[in-house]
Amino acid sequence: MTTAISRQILQLKREKDAVILAHNYQRSEVQDIADIVGDSFELALKAKTLEQNTVVFCGVHFMAESCKILAPEKTVLLPAMDAGCPLADTISAEGLRRLKAEHPGIPVVTYINSTAAVKAESDYCCTSANATRVVNAIDSDIVIFAPDANLGSFVQQHTRKKLLLWDGHCIVHQRVLVEEILQVKAIHEGALVIAHPECQPDVVGMADVVCSTSKMIPESKAAPGDTVIIVTEEGMLHPLKKAVPEKHFILASPKLICRNMKKITLENVLKVLESGENTVNVDPMTAKRAMVPLERMLAISAGTKTSKKMEV
Ligand code: 13P
Ligand code: SF4
């Protein structure tokens, strides 16, 4: 639905030569005024080819920061500067340096849900869309994987390499319990279960498909029945319902809400467009070093194809 505020945003966006990027977990009304809605990988990839001078990034801080690192010449605005990611905050550059010192010479793969300072200490980045692919592309039998231990455990099932895991978790996906999946499956018998790999291993073990947020769209389209159980943040239901209107989507748990993602509103999007405030900046030396693992991820991901459960 187009409201007065969304019309104002769209007009101002054109006047200011701005583009709006939004993550799949954003509020529905924010997704609806965005030029591009996607998962972390798609949004990072898009950062490289933007024509506009200003990017309003509707997501959490590490996503806007990654955009700035990949497109340093752009002005990146984050409508809510306190939209952080508790998973990214489970590891510091100092913590990663300590882990590296304990395992000298072992390459480090860092999930994109991390600060620029942590990326700067890493050899490769990955997202949930390419983690196994990135790990398997590395010429080493042992790999340090940080900070999400659940994603790391999932990758461990699909690689011969030994992963040394950092013990970080997403507080949102971690909340979902096997009992909830059992309950919802009992109500919706035969429904396909699609889970994000940030869920706990026993929850992931119950899923029919494990993939990044955007990949849930084609997987739902291909689902055999008319009902799909979704085990990720509730914002994902909006792009799913839009893209796959013929299916019925069930959120596995009411606890699947990321409060940080919801800090972005139409009001604060309009405010940063008007004021130009909330610019995301990264120290140039840190950005230069953090660009290397991000670029390596993009290079590994380019043009490579894998099978279904190996997709993550
Ligand atoms: P995606 O990369 O799958 O969009 O996930 C990002 C995220 O923050 C999951 O919690
Ligand atoms: Fe971070 Fe979890 Fe929120 Fe994703 S859902 S942004 S990993 S806290």
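What counts and what doesn't
Residues numbered from 1 in each chain as written. Chains lettered and ligands numbered in written order. Predicted model: local features only at pLDDT ≥ 70, side-chain atom pairs only at ≥ 80, totals over all residues. Heavy atoms only, no water. Near = heavy atom within 4 Å. Polar contact = N/O pair within 3.5 Å; in protein donor to acceptor, adjacent residues only side chain to side chain. Areas by Shrake-Rupley, 256 points an atom, 1.4 Å probe, with all protein chains shown as cover. Nonpolar A, V, L, I, M, F, W, Y, C, P; charged D, E, K, R; others polar. Phe/Tyr/Trp six-rings, centres within 6.5 Å; stacked < 30°, edge-to-face > 60°. Lys NZ or Arg CZ within 6 Å of the ring centre and 35° of its normal. Helix = DSSP H or I, 4+ residues; strand = E, 2+ residues; numbered from the N terminus. Buried < 20%, exposed > 50% of the residue type's maximum accessible area, 1.4 Å probe, protein only. Pairing = 2+ DSSP bridges. Salt bridge = Lys/Arg side-chain N within 4 Å of Asp/Glu carboxyl O. Axes fitted to C-alpha atoms, helices over the stretch in contact; angles between N-to-C directions. Contact = heavy atoms within 4.5 Å. Core = buried A, V, L, I, M, F, W, Y, C linked by side-chain atoms within 4.5 Å.

1. A word on the site of ligand 1
Taken together, His23, Tyr25, Asp39, Ser40, Asn113, Ser128, His173, His196, Glu198, Ser212 and Thr213 are the residues near ligand 1. With respect to ligand 1, the side chain of serine 40 contributes an N or O atom lying 2.8 Å from an oxygen atom. Coverage of ligand 1 by the protein amounts to 96% of the 300 Å² it exposes when considered alone. Here the shell around ligand 1 is composed, by residue class, of 1 nonpolar, 8 polar and 2 charged.

2. Observations concerning the site of ligand 2
Within the structure, ligand 2 sits among Tyr25, Val60, Cys85, Pro86, Leu87, Asn113, Cys170, Glu198, Cys258 and Met261. Its residues placed into classes, the shell around ligand 2 shows 8 nonpolar, 1 polar and 1 charged.

3. As for the packing of aromatic side chains
Scanning all chains against the criterion turns up 0 aromatic pairs. The positively charged end of arginine 296 is found above the aromatic ring belonging to tyrosine 124, 5.3 Å away from the centroid.

4. What about unusual backbone geometry?
With omega at -10°, the peptide bond leading from alanine 146 into proline 147 counts as cis. Position of proline 147 relative to the elements: it lies in the loop between strand 7 (142-146) and helix 8 (149-156). The backbone phi angle of aspartate 17 is positive, close to 50°, even though this residue is not glycine. With respect to the helices and strands, the residue aspartate 17 is situated in the loop between helix 1 (4-15) and strand 1 (18-23). A positive phi is found at asparagine 278, a non-glycine position, where the angle reads about 65°. If you trace the backbone, asparagine 278 turns up in the loop between helix 14 (266-275) and helix 15 (284-301). By relative accessible area, asparagine 278 is classed as partly exposed at 24%.

5. A look at the sheet that holds strand 12 (residues 248-251)
Spatially, the 4 strands line up as an open sheet ordered 10-9-11-12, and their pairing is parallel. The sheet terminates laterally at strand 10 (209-210) and strand 12, the two strands that pair on one side only. Where strand 9 (residues 192-195) lies against strand 10, 2 bridges are found, and the strand directions are parallel. Bridging across to strand 10, isoleucine 194 finds its partner in valine 209.

6. Digging into the side chain of threonine 232
With respect to the helices and strands, threonine 232 occurs in the loop between strand 11 (227-231) and helix 13 (237-243). A distance of 2.8 Å separates the side chain of threonine 232 from the side chain of histidine 173, its partner in a polar contact.

7. As for the pattern of salt bridges
In total, this model carries 13 salt bridges according to the counting rule given. Among the salt bridges present, the one from aspartate 32 reaches lysine 242, with a minimum N-O distance of 2.7 Å. Within this pair, whereas aspartate 32 is found in helix 2 (residues 28-33), its partner lysine 242 is found in helix 13, the two being separated by 210 residues in sequence. Judged by relative accessible area, lysine 242 falls into the exposed class, the value being 56%. As a salt-bridge pair, glutamate 121 and lysine 100 come within 3.1 Å of each other at their nearest N and O atoms. With a gap of 21 residues between them, glutamate 121 in the loop between helix 6 (116-119) and strand 6 (124-126) and lysine 100 in helix 5 (residues 93-102) connect regions that are remote in the sequence.

8. Details of the sheet that holds strand 6
The sheet built from 4 strands is open, its strands ordered 6-5-7-8 with parallel pairing. Among the strands making up the open sheet, the edge pair consists of strand 6 and strand 8 (162-165). Between one strand and the next, the sheet's axes are offset by a mean angle of 30°, whatever the strand orientation. Relative to strand 8, strand 7 is paired through 4 bridges, and the arrangement is parallel. The residue bridging isoleucine 144 from the neighbouring strand is leucine 164, located in strand 8.

9. What about the side chain of glutamine 31?
Considering the arrangement of structural elements, one finds glutamine 31 in helix 2. The exposure class assigned to glutamine 31 is buried, which follows from its relative accessible area of 4%. Polar contacts involving the side chain of glutamine 31 include one to the main-chain carbonyl oxygen of glutamine 26, which spans 2.9 Å. Once you skip the residues sitting within four places of it in the chain, glutamine 31 turns out to touch Ala22, His23, Asn24, Tyr25, Gln26, Val37, Gly235, His238 and Pro239.

10. Here's the deal with the nonpolar core
Ranked by internal contacts, the top residues of the largest apolar core, which has 105 residues, are Ile9, Phe57, Val109, Val231 and Val269. Contact partners of valine 231, with chain neighbours within four places excluded, come to His173, Val176, Ile181, Val193, Ile194, Ala195, His196, Cys199, Val203, Ala252 and Leu256. With 9 residues, the next largest nonpolar core counts Leu99, Val118, Leu164 and Trp166 among its residues.

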